[in-house]
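So you can see what is in the structure, the chains are spelled out below.
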Amino acid sequence: MKQRIITAVIAAAVFLPIVIYGNLPFVLFIYLLATIGLYEALRMKKITITSVPGVLSLLLMWVLLIPGQWMPENPLFTKMEFLVIGVLLLLTYTVISKNRFNFDEVGFSLLSIIYVGLGFFYFIEIRDISLAYVFFALVVIWSTDSGAYFIGKAMGKTKLWPEISPNKTVEGSLGGVVCAILVAIIFQFTVGFEHGLIITVVIASILSVVGQMGDLVESALKRHYGVKDSGNLLPGHGGILDRFDSLLFVLPLLHFIHKFIS
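Now for a description of the structure that goes with this document. (Residues numbered from 1 in each chain as written. Predicted model: local features only at pLDDT ≥ 70, side-chain atom pairs only at ≥ 80, totals over all residues. Heavy atoms only, no water.)

**Here we look at the pattern of salt bridges**
Part 1 of the argument: The full count for this structure, using the stated rule, is three salt bridges.
Part 2 of the argument: As a salt-bridge pair, aspartate 229 and lysine 228 come within 3.7 Å of each other at their nearest N and O atoms.
Part 3 of the argument: Since its relative accessible area comes to 32%, aspartate 229 is described here as partly exposed. (Salt bridge = Lys/Arg side-chain N within 4 Å of Asp/Glu carboxyl O. Buried < 20%, exposed > 50% of the residue type's maximum accessible area, 1.4 Å probe, protein only.)

**Some words on a nonpolar patch on the surface**
Part 1 of the argument: Taken together, Leu76, Phe77, Phe82, Ile85 and Leu89 make up a surface patch of nonpolar side chains, about 470 Å² in accessible area.
Part 2 of the argument: Turning to its location among the elements, phenylalanine 82 is positioned in helix α4 (residues 79–96). (Patch = residues over 30% accessible without salt bridge, like charges linked within 9 Å, V, L, I, M, F, W, Y side chains within 5 Å. Areas by Shrake-Rupley, 256 points an atom, 1.4 Å probe, with all protein chains shown as cover. Helix = DSSP H or I, 4+ residues; strand = E, 2+ residues; numbered from the N terminus.)

**Here's the deal with the pairing of strand β2 (residues 165–169)**
Part 1 of the argument: Where strand β1 (residues 159–161) meets β2, two bridges bridge the pair, whose relative direction is antiparallel. Bridging from a neighbouring strand, tryptophan 161 pairs with serine 165 of β2.
Part 2 of the argument: Taking the residues between adjacent antiparallel strands as the criterion, β1 and β2 are bridged by three residues. (Pairing = 2+ DSSP bridges.)

**With respect to the packing of aromatic side chains**
Part 1 of the argument: Counted by the stated rule, this structure contains 12 aromatic pairs.
Part 2 of the argument: Aromatic side chains phenylalanine 136 and phenylalanine 187 sit 5.5 Å apart centroid to centroid with 65° between the ring planes, which places their arrangement in the edge-to-face category. One end of the pair, phenylalanine 136, is in helix α6 (residues 131–155); the other, phenylalanine 187, is in helix α7 (residues 170–190), and 51 residues separate them in sequence.
Part 3 of the argument: According to the relative accessible area criterion, phenylalanine 136 is buried, its value standing at 0%. (Phe/Tyr/Trp six-rings, centres within 6.5 Å; stacked < 30°, edge-to-face > 60°.)

Below you can see the structure in the form of structure tokens.
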């Protein structure tokens, strides 16, 4: 626990000022996090980032990460067209490599690009909308994680999904949602949010549930490939995907919610 706290404090001291400042340093920082995240994902499938498919995957993800406000009005190629080109190149490489890199690995690479790339892309987009949105997402996720951990430890009896994550309980999961709602209410009355209290509570509840699903998805991925953590960059926490698994689900959804209710 002590190691987790020390790592969290140091990470927050680096992460939060960059998020607050925004602009190019923030975008470059997100590119760095996404690059490490993709490396961790591909490593589970034993695809090295320096291999031909690894480099192609990385380049495709970097294209997906380009902020919307940086894109020209009428680009020569859209992001979707770049993705199609990437699919064709990856499939072509299955032939060149004589199936040492196969169709299954093409599918895994593409899904990893979308999973990691789009999740972090929407981090950039949410930051462009409002810093308050970023902090709202962060406090909802952090309060959900903390609430689920402590309430699950104190009251947890019913396993939530033992085949995927044996330690998670239904009581902990519900406790995480309750904590997220309470923190969202405090957030509304202190920092202020552009929506009313009821909408803020509804959004927090949805994000809390979806964030927990993102955590479970990452757990399922690791369990399938037989790894404990996605990486070891953050002592006591694992890798980038271990720390951002909830946000990779929450941030796209928060962006869609913003578009819907604005």
